[in-house]
Amino acid sequence: MKKILITGGAGFIGSCVVRRFVNNHPDYLIVNLDALTYAGNLQNLKDVENAPNYQFEKADIRNRDEVNAIFDKYGITDVIHLAAESHVDRSITNPLDFVLTNVIGTVTLLEAAKEKWKGHYADHLFYHVSTDEVYGALGAEGLFTEETRYDPHSPYSASKASSDHFVRAYHDTYGIKTVISNCSNNYGPYHFPEKLIPLMINNIINNKPLPVYGDGNYTRDWLYVKDHAIAIDLVFHEGKTGDTYNIGGFNEWKNIDLVQLLCKQMDEKLGREPGTSNQLITYVKDRPGHDRRYAIDAGKINRELGWAPSVTFEQGLSETIDWFLANEAWLNDVTSGNYATYYDTQYASI
Ligand code: NAD
Ligand code: DAU
């Protein structure tokens, strides 16, 4: 029986992955290890918390004793590692937190796997979930492939790049079976409202300014979170050991166009006059080191594993807005407390 440790399972993508594995693989035990930082929320998993094949452990991936104890307690056979500090703006103000969690935390998990699986490396998999930001920024043309040279610019992407290198080093040096996927920007239910799409949805609901960084012509490639979880399931089961898979939506949007689309869809859903929310758009100071464009070539995972996004952007965005409108209590909960202080500091000028 597989006993899979999913780290960061109370976060945005992690909760979607936990839900998928608990529901689609009843013969596996899913152990969710999460420190419940500001970004981790057990409300995200209410629907599976009593499932017989699910366990939650509040623990910190930087703490070797806690991680080792969880490996021993459950006889962990595989790891899907998502726990991380994930917000670029926070990494600019607090880079050390990103080194400690994303680099030291990842190496602490790798050490546990190295020690606990010793003599049986062929029977176990360490799957590391990473980001397209490790590749740096694109100009107007081109796509990131698995061969693109690493060129991270923010403390966040530098820490993720470093963790990717450590995962490959443990594969090459110790023979641990590893796989890495690098995904583009996700969106969907339970997305923390410090990130572009949920922040704009929340501010439109509350008639607050919509802060667009710089000239607004920065481009991201958006993927519905459930399609990322499907891809992770496939890579976990069928990915080639030691390989990397890029995951993306073939769905590029300039930030300003995306914000205008959100304004239009939300005016319709909220019964507001067309053009109402557009008036909230406010250009603000740019993000330092802001990467101009990300876009993923997801050809390899499509050719080798048969994956392609299942949800169109129109469908996914509409479902996402509906989810946020139906879950205002969740939004209010996560935007109170510490987040309110972060917001006031980050957006002090508007
Ligand atoms: P998130 O910030 O929503 O969730 C991170 C989770 O990790 C939280 O539940 C948090 O409590 C937990 N965590 C943080 N530090 C921890 C620690 N020291 N010990 C244990 N748990 C800890 O992040 P997300 O957006 O869901 O991203 C998940 C992963 O996917 C990250 O590794 C991120 O780099 C990667 N990724 C994210 C995106 C995206 O668009 N959000 C895209 C590609 C890759
Ligand atoms: O590409 C994958 C990455 O996508 C993940 O690895 C990260 O964890 C995730 O946070 C995300 O990083 P981005 O920096 O691309 O996402 P964010 O939502 O912070 O910003 C998206 C774009 O919108 C970016 O160009 C900055 C811009 N932006 C963001 C915010 C929060 C604004 O213009 N205004 C804002 O208030």
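Residues numbered from 1 in each chain as written. Chains lettered and ligands numbered in written order. Predicted model: local features only at pLDDT ≥ 70, side-chain atom pairs only at ≥ 80, totals over all residues. Heavy atoms only, no water.

## Overview of the sheet that holds strand 6 (residues 178–183)
Spelled out, the test is: At least two DSSP bridges between two strands are required for those strands to pair. Helix numbers and strand numbers start at the N terminus; a helix is a DSSP run of H or I with at least 4 residues, a strand a run of E with at least 2. Here an angle of 0 to 180 degrees is reported between the N-to-C directions of two axes, which are lines fitted to C-alpha atoms, with helices fitted over the stretch in contact. Contact between two residues is taken to exist if any of their heavy atoms lie within 4.5 Å; hydrogens are not considered.
Taken in spatial order, the 7 strands line up as 3-2-1-4-5-6-10 in an open sheet, and their pairing is parallel. Of all strands in the sheet, those bounded by a partner on one side alone are strand 3 (54–58) and strand 10 (244–247). The mean inter-strand angle of the sheet, taken between neighbouring strand axes irrespective of direction, is 20 degrees. In this structure, strand 1 (residues 3–7) lies alongside strand 4 (residues 78–81), joined through 4 bridges in parallel fashion. The residue of strand 4 that forms the bridge with L5 is V79. In the packing of helix 2 (residues 64–74) onto the sheet, contacts are made with strand 1, strand 2 (29–34), strand 3 and strand 4, and the angle to strand 2 comes to roughly 165 degrees.

## Some words on the sheet that holds strand 11 (residues 252–254)
Strand order in this open sheet of 3 strands is 7-9-11, and the pairing throughout is mixed. Either end of the sheet is taken by a strand with one partner, and the two such strands are strand 7 (185–187) and strand 11. Between one strand axis and the next, the sheet turns by 50 degrees as a mean value, whatever way the strands run. Where strand 7 and strand 9 (residues 219–224) come together, 3 bridges link them in parallel fashion. Residue pairing for strand 9: N185 is matched across the bridge by W222.

## Quick look at the site of ligand 2
Our working definition: Only heavy atoms are used to decide nearness, and a residue is near a molecule or strand if one of them lies within 4 Å of it. Polar contact criterion, stated in full: a pair of N or O atoms within 3.5 Å, where within protein one must be able to donate a hydrogen and the other to accept it, and residues adjacent in sequence count only if both atoms are side-chain atoms. The Shrake-Rupley method, run with a 1.4 Å probe, gives the accessible areas here. Residue values count only the displayed protein chains as cover. Amino acids outside the nonpolar list (Ala, Val, Leu, Ile, Met, Phe, Trp, Tyr, Cys, Pro) and the charged list (Asp, Glu, Lys, Arg) are all regarded as polar, and Gly is one of them. Note that the domain bounds reflect an automated or database-derived domain assignment.
Around ligand 2 sit 23 residues, and of these T131, D132, Y156, R287 and Y347 come closest. With respect to ligand 2, the side chain of D132 contributes an N or O atom lying 2.5 Å from an oxygen atom. At 2.7 Å, a side-chain N or O of H290 approaches an oxygen atom of ligand 2. The fraction of the free accessible surface of ligand 2 (700 Å²) that becomes covered by protein chains is 94%. Counting residues per element, the shell around ligand 2 draws most heavily on strand 8 (residues 210–213), at 3 residues. Looking at the shell around ligand 2 residue by residue, the class counts come to 10 nonpolar, 7 polar and 6 charged. Residue contributions to the shell around ligand 2 reach at least three from each of two domains, namely domain 1 (3–187 + 222–247) and domain 2 (196–219 + 252–294 + 311–344).

## Some thoughts on the side chain of E133
For clarity, the cut-off: Only protein chains enter the accessibility calculation, which uses a 1.4 Å probe; a residue is then buried when its area is under 20% of its type maximum, exposed when over 50%, and partly exposed in between. By the counting scheme adopted, Arg and Lys are positive, Glu and Asp are negative, and His together with the chain ends is not counted. In the sections that follow, a salt bridge refers to a side-chain nitrogen of Lys or Arg positioned within 4 Å of a carboxyl oxygen of Asp or Glu.
When you line up the elements, E133 lands in the loop between strand 5 (125–131) and helix 5 (155–174). Within the buried core, E133 has no salt-bridge partner, and the shortest N-O distance to an opposite charge, that of R220, equals 5.2 Å. What E133 contacts, discounting residues up to four positions off in sequence, is V88, P152, S154, Y156, S157 and Y294.

## Quick word on helix 7 (residues 225–238)
To keep it simple, the criterion reads: The span you would expect from a helix comes to 1.5 Å times its residue count less one.
Here helix 7 contains 14 residues, and its C-alpha end-to-end distance of 20 Å stays within 8% of the 20 Å for a straight helix at 1.5 Å per residue. For helix 7, the tally of buried residues reaches 10 of 14 residues, placing the bulk of the element in the interior. Of all the positions in helix 7, only V225, D227, H228, A229, A231, I232, D233, L234, V235 and F236 are classed as buried.

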